[in-house]
Structure formats: C-alpha cells, structure tokens
Amino acid sequence: MDKRIDSPAEAVRRISDGATVMIGGFGGSGAPIELIHALIDRRPKDLTVINNNAGNGHVGIAAMIEQGIVRKMVCSFPRSADPRVFTELYLAGRIELELVPQGTLAERIRAGGAGIPAFYTPTSVGTELAAGKPVETFDGRTYVRERWLKADYALIKAELGDPMGNLTYRMAARNFNPIMAMAAAHTIAQVSHLVPAGGIDPEQVITPGIFVDSVVEVSDPRQEEVLNRQGAAYPEAVA
Amino acid sequence: MTEQLDKIKLSNAQIAWRAAQDLETGFYVNLGIGFPEMIARFQPEGREVIYHTENGVLGFGEAPKAGEEDWDLINAGKKAITLKPGAAFFHHADSFAMVRGGHLDLAVLGAYQVAETGDLANWSTGAGGVPAVGGAMDLVHGAKRVAVVTDHVTKDGQPKLLRRCTMPLTGVGCVTRVYTSLAVVDVEGGRFVLREKLPAISLDDLRALTGATLHVSGPVADLVVPEV
C-alpha cells in the first residue's frame, strides 16, 4: 500500500467547489499551512471550513477567507488577536458562521468518524446555543442532543508519516488532527518526516493508516504563529 | 461609594492569590484564559497541582523565556508554555472527555454575571459583534468545583452577583464558589452564602453591592490578602 502523493498541489487537486473541509490545528499549532496554501492556489468556491478558529493574520485559514473561497465557517472561537478578515465579512453578512462550543465541536467530529449520528451532552443546556435542539433527561439531569459532523475532506498536519498513512504528532499540534482524520471521506495528511513502513513503532502510532487517504511530505513546514509574527501574507504581496 | 470602594477592594492579582489558597495537592485544574490564569502564579508552596488546557496538554508549567517559545507548545489562550515532568499530550475529544467526564477537580473562570442559582454569564454581552464561545460552555460542566474570579461590581458600580443573569448564559446552575474583590461567596441550594469578607466593608454595605440576598450561615471570616 502506498498513499504517498508528490506535492501539496497534487494532494488537494480534487477538492471542488462547495466542498466541506475540516482543517486541523488550534491557533497556529498543527495547522497544515502548505496544504491550505495549495488549496488557495486552486481557487475553489463556496467552501465550508471546519476548524476551532476563523484564522489569524493573513496566512492559512485567514488567507482562505481573505481570498474569498470560504462560504461558511464552523468553529468555536472566530475572534482572535488579528481577526479582521472574518470579522468584517461576518458583520457585512458575507460569510456564514455556525458557532459550536469547543468540546461539542470535538465530540461531533469524533462521532462523525465513529459512526455515531447523534449524542447527548450537558454542554450548552439552557443557553442560546441549545435553542431548537432536542433535550432529554437522564438520571435527573438535562442534556442536549447534538449531531455528528463529517466532511468531504480533512487537511491535517502530522510529524511522522509512513506510506500506509500511519501518523504521529508533535506536542500540542495534535489537537483536532486525529479526530478530523477519522471524520472525512478523504483525509490528506502533510507530514514533516516521511518514513518507510515500519519506521514508526506500532506502539507509537497515534492515527492508524486506515483513517488516512493521502500522505504528502512537507519537510521543514511553516508554522502559522511564526509566520504571523513575521507579518507574512499569502499569496505574498507583489511589490 | 465607588471611590471608597476602589481604595479597599482587592486587585485581580489579590483575588487570584485568594483563589490559589484553595488549590489542593493532587488537584487536576483548568484555569480559564486571562484573569484566572494568574492563579497558577500564587500556587502555595508544597502543593502539587496538575494543570489541564483544552488544546490537549496535562502538566504544563510557566511560560518559557522570551525567544525560547515553541509555538507547537501552547495553551488554550495560545500562549507559549513549558512542560513539567509527567506531562501528557492528547487530542481534543479526549481533552473534553476529561472536562465533561468529571475528571477535573476544579475549573476557574471569569464572569460578567453570576446568579444565586449558580448560573454563569461569561461568553457574550449580547451586544452583537462576532460571537465566540470557545470551551467555556464545556468547562462549566463536569469539574467537581466550578469557581469564578471577578470584581464584585462592574466598572459602573453595578452588581455582578445577581438573582438572575441578564446576559446570555454560559451554563445553568454550575458555579459553586465566587471569589470577588470584596468577598468569598459560596452558591448553596440556590442561595449566595457569605464565607469571607474584607474587614474594611460592613455587611450592610456588602449587601448593598450585591444584586441578590447574601445569606450568612455560620461564621464569616475576614478576607485578608497580602499585597502581591
């Protein structure tokens, strides 16, 4: 089995207009910047993007929004230090937002990957984010029903990957990446180090290859937080 | 009264210091972004506490020196952190299983408003703009104790401890203790029960600054906090 793809551009080639795309990462950690930028180059339209945030600065998801390829964001925290792009479009009514509590977002994604169409959670009971959702009482406590969340594609970032799609992650860059890998019809992983099958100790595998469809090596990947501190933008401004 | 209040009330650092005195050895603790994070600075000597952050780290320590940040190692506030021996990484679904599953001993959050029923409003003023909730609605459910650190009144002198919250709720009946700039108040059976107050404020004055009945049941200790 060989899931290797030669380049980020080739890996995202099939993502078409209107697709729902999960993108791993929390803030800058674990964001697959090279895959995101390759997707921007393709200029698909009307994407729905699922991530914890709505981008930061002018790279990654913020650049997707800035370049006008995102119709809707599903996230828990669309505000951040430099959120102007999303904020302006949202207040102008030009981008949709589905606001989901962070733990509910994670569990909806996990459920999507695990074949569980709905579940009950105490989170948001009695708040406006539970409006219109069914509630039920279990053992004297009220819970709200939430639906699974799935996607056409997941773009994720991993540390080690092998041709079978087995993955490990680097520190807190793990975050949403393993559960998004499970919840998409087609999962594309950019890995910082591609190793041969057997190069990852089976006991150390975090995401088993069954959840991964494409693996592309991006050695020495860019880190979103570092790019933002450098004031980077994508596509780079032409002087 | 506001001017007088400003002279006697605790600073945010002092409120954090007081909250830190209730940390117990062996506690797994989540401190909300911003003000609650200050509590870790005042963790009493000799007590071992393990900090959880929503983005998938248990057992983190203080911030690294400037220039030594690794931006793949951050907390939920997206600040760089360091690891203590015995730290662990995990994905987001496991992280919130720790939260909702009752595995945390304590979560501490900030507040716009707290009701005597234990309802908390801390995510939205309801005034429009871009709504953002993060993990707040999850954190108020599941931790064995859910505490709030807050000024006792707003900048305009309006009570933040109320019979009912008027701002959008984060959670219903979830707060167990409130550390304010003037007092320590428990939420018990749908009532505010005063546990400690600054010696410099009378019970009557404190009640006048509280938007719900402040019950006294048992001794009320002096709230004495060092300059920090």
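Above this text is the structure in question.
As the structure is a computational prediction, the values presented were derived from the model and not from experiment.

Reading guide: rules and limits
- Residues numbered from 1 in each chain as written.
- Chains lettered and ligands numbered in written order.
- Predicted model: local features only at pLDDT ≥ 70, side-chain atom pairs only at ≥ 80, totals over all residues.
- Heavy atoms only, no water.
- Helix = DSSP H or I, 4+ residues; strand = E, 2+ residues; numbered from the N terminus.
- Rg over C-alpha atoms; globule rule 2.2 N^0.38 Å.
- Buried < 20%, exposed > 50% of the residue type's maximum accessible area, 1.4 Å probe, protein only.
- Contact = heavy atoms within 4.5 Å.
- Areas by Shrake-Rupley, 256 points an atom, 1.4 Å probe, with all protein chains shown as cover.
- Lys, Arg positive; Asp, Glu negative; His and termini not counted.
- Charge placed at Lys NZ, Arg CZ, Asp CG, Glu CD.
- Salt bridge = Lys/Arg side-chain N within 4 Å of Asp/Glu carboxyl O.
- Buried area = accessible area lost by both parts, 1.4 Å probe.
- Nonpolar A, V, L, I, M, F, W, Y, C, P; charged D, E, K, R; others polar.
- 1 Å grid on protein atoms, 1.4 Å probe; cavity = no way out; pocket = protein on both sides within 12 Å on 5 of 7 lines; lining within 4 Å.
- Points joined across faces, edges and corners; volume = space filled by probe spheres on them.
- Pairing = 2+ DSSP bridges.
- Axes fitted to C-alpha atoms, helices over the stretch in contact; angles between N-to-C directions.

*Asks:* Would you mind going over the overall build of chain B in detail, with residue names and values included?
*Replies:* The helix and strand tally for chain B stands at five helices and 14 strands. In terms of overall dimensions, chain B is globule-like: its C-alpha atoms have a radius of gyration of 18 Å, near the 17 Å expected for 228 residues. In chain B, which comprises 228 residues, the share counted as buried stands at 56%. A separation threshold of at least 6 residues defines the contact pool for chain B, and within that pool the share at least 24 residues apart is 64%. With the model as given, the accessible surface of chain B reaches about 9600 Å², and the carbon-plus-sulfur share is 50%. Between the mean site of the 21 positive side-chain charges and the mean site of the 27 negative ones, chain B shows a separation of 5 Å.

*Asks:* Mind laying out the environment of A:Ala181, listing which residues take part and the relevant values?
*Replies:* All names here are of chain A. Residue placement: alanine 181 occurs in helix α6 (residues 177-183). When its relative accessible area of 1% is taken as the criterion, alanine 181 is described as buried. Counting along the chain gives 159 residues from alanine 181 to methionine 22, while the straight-line C-alpha distance between them is 8.7 Å.

*Asks:* Can you lay out the pattern of salt bridges for me, pointing to particular residues and giving the numbers?
*Replies:* Side-chain pairing between opposite charges can occur once the charged atoms of the two side chains come close. Residues and elements named next belong to chain B. Within the structure shown, the criterion is met by 27 salt bridges over all chains. Put simply, arginine 100 and aspartate 138 hold a salt bridge, and the shortest N to O gap is 3.8 Å. One end of the pair, arginine 100, is in helix α3 (residues 92-100); the other, aspartate 138, is in helix α4 (residues 136-139), with 38 residues separating them in the sequence. Comparing arginine 100 with aspartate 138 shows no difference in burial state: the two are buried. Via salt bridges that share partners, Arg18, Asp22, Arg177, Asp186, Glu188, Arg195 and Glu196 belong to a single interconnected network.

*Asks:* Tell me about the interface of chain A and chain B, and please be specific about residues and values.
*Replies:* Listed as interface residues are 46 residues of chain A and, on the opposing side, 34 residues of chain B. Interface area, chain A with chain B, both sides summed: about 3400 Å², of which 64% is carbon and sulfur. It is A:Phe26, A:Gln102 and A:Met171 in chain A that bury the most area against chain B; as a group they hold 16% of the surface buried on that side. In this structure, the connection of chain A to chain B is made through three salt bridges. Mapped by element, the contributors of at least two residues to the side of chain A that touches chain B are α4 (84-91), β5 (96-99), α5 (102-114), α6 and α7 (224-229) of chain A. By residue number, the principal contributor to the side of chain A that touches chain B is α5(A), which donates six residues. Classifying every residue of the side of chain A that touches chain B by side-chain character gives 21 nonpolar, 16 polar and nine charged.

*Asks:* Explain the layout of surface pockets residue by residue, including any values.
*Replies:* Considering only enclosed or pocket space, the largest pocket measures out at about 1100 Å³ in volume. Forming the boundary of the largest pocket are 47 residues, of which A:Phe77, B:Gly32, B:Ile33, B:Phe35 and B:Asn122 lie nearest the centre. Where the lining of the largest pocket is concerned, the elements lending two or more residues are α7 of chain A together with α1 (2-8) and α4 of chain B. Tallied by class, the residues present in the lining of the largest pocket amount to 18 nonpolar, 18 polar and eleven charged. Of the pockets and cavities examined, the second largest pocket occupies roughly 530 Å³. Lining the second largest pocket are 26 residues, with B:Glu37, B:Ala40, B:Phe60, B:Gly61 and B:Glu62 sitting closest to its centre. When contributions to the lining of the second largest pocket are tallied by element, the ones reaching two or more residues are β1 (28-31) and β2 (50-53) of chain B. For the lining of the second largest pocket, the residue count by class is eleven nonpolar, seven polar and eight charged.

*Asks:* Please set out the pairing of strand β11 (residues 183-188) of chain B residue by residue, giving values where relevant.
*Replies:* Residue and element names in this part refer to chain B. Within β11, five of the six residues are buried, leaving the element largely enclosed by the surrounding structure. With three bridges joining them, strand β10 (residues 177-179) and β11 adopt antiparallel strand pairing. By the bridge assignment for β11, tyrosine 179 is matched with valine 184. Between β10 and β11, which pair antiparallel in sequence order, lie three residues. Between the antiparallel neighbours β11 and strand β12 (residues 191-197) lie two residues, among them glycine 189 with a positive phi of about 55°.

*Asks:* Summarise the sheet that holds strand β7 (residues 135-138) of chain A; cite the residues concerned and give the values.
*Replies:* What holds strands together in a sheet is hydrogen bonding between their backbones, with the strands either parallel or antiparallel. All names here are of chain A. Pairing is antiparallel across the open sheet formed by three strands, whose spatial order is β6-β8-β7. This sheet does not close on itself; its edge strands, each paired only once, are β6 (118-121) and β7. Pairwise comparison of adjacent strand axes, ignoring direction, gives a mean angle of 40° for this sheet. As paired elements, β6 and strand β8 (residues 141-147) share four bridges and run antiparallel to each other. Bridge pairing links threonine 121 to valine 144 in β8.

*Asks:* Before we move on, could you go through empty space enclosed by the protein and cite the residues and values that matter?
*Replies:* Residue and element names in this part refer to chain A. One pass over the structure, following the stated rule, counts one cavity of 30 Å³ or more. The wall of the largest cavity is formed by 13 residues, among which Gly27, Asn51, Asn53, Gly55 and Glu224 lie closest to the centre. The residue inventory of the lining of the largest cavity, partitioned by class, reads four nonpolar, seven polar and two charged.

This is a description of form; function is not addressed.
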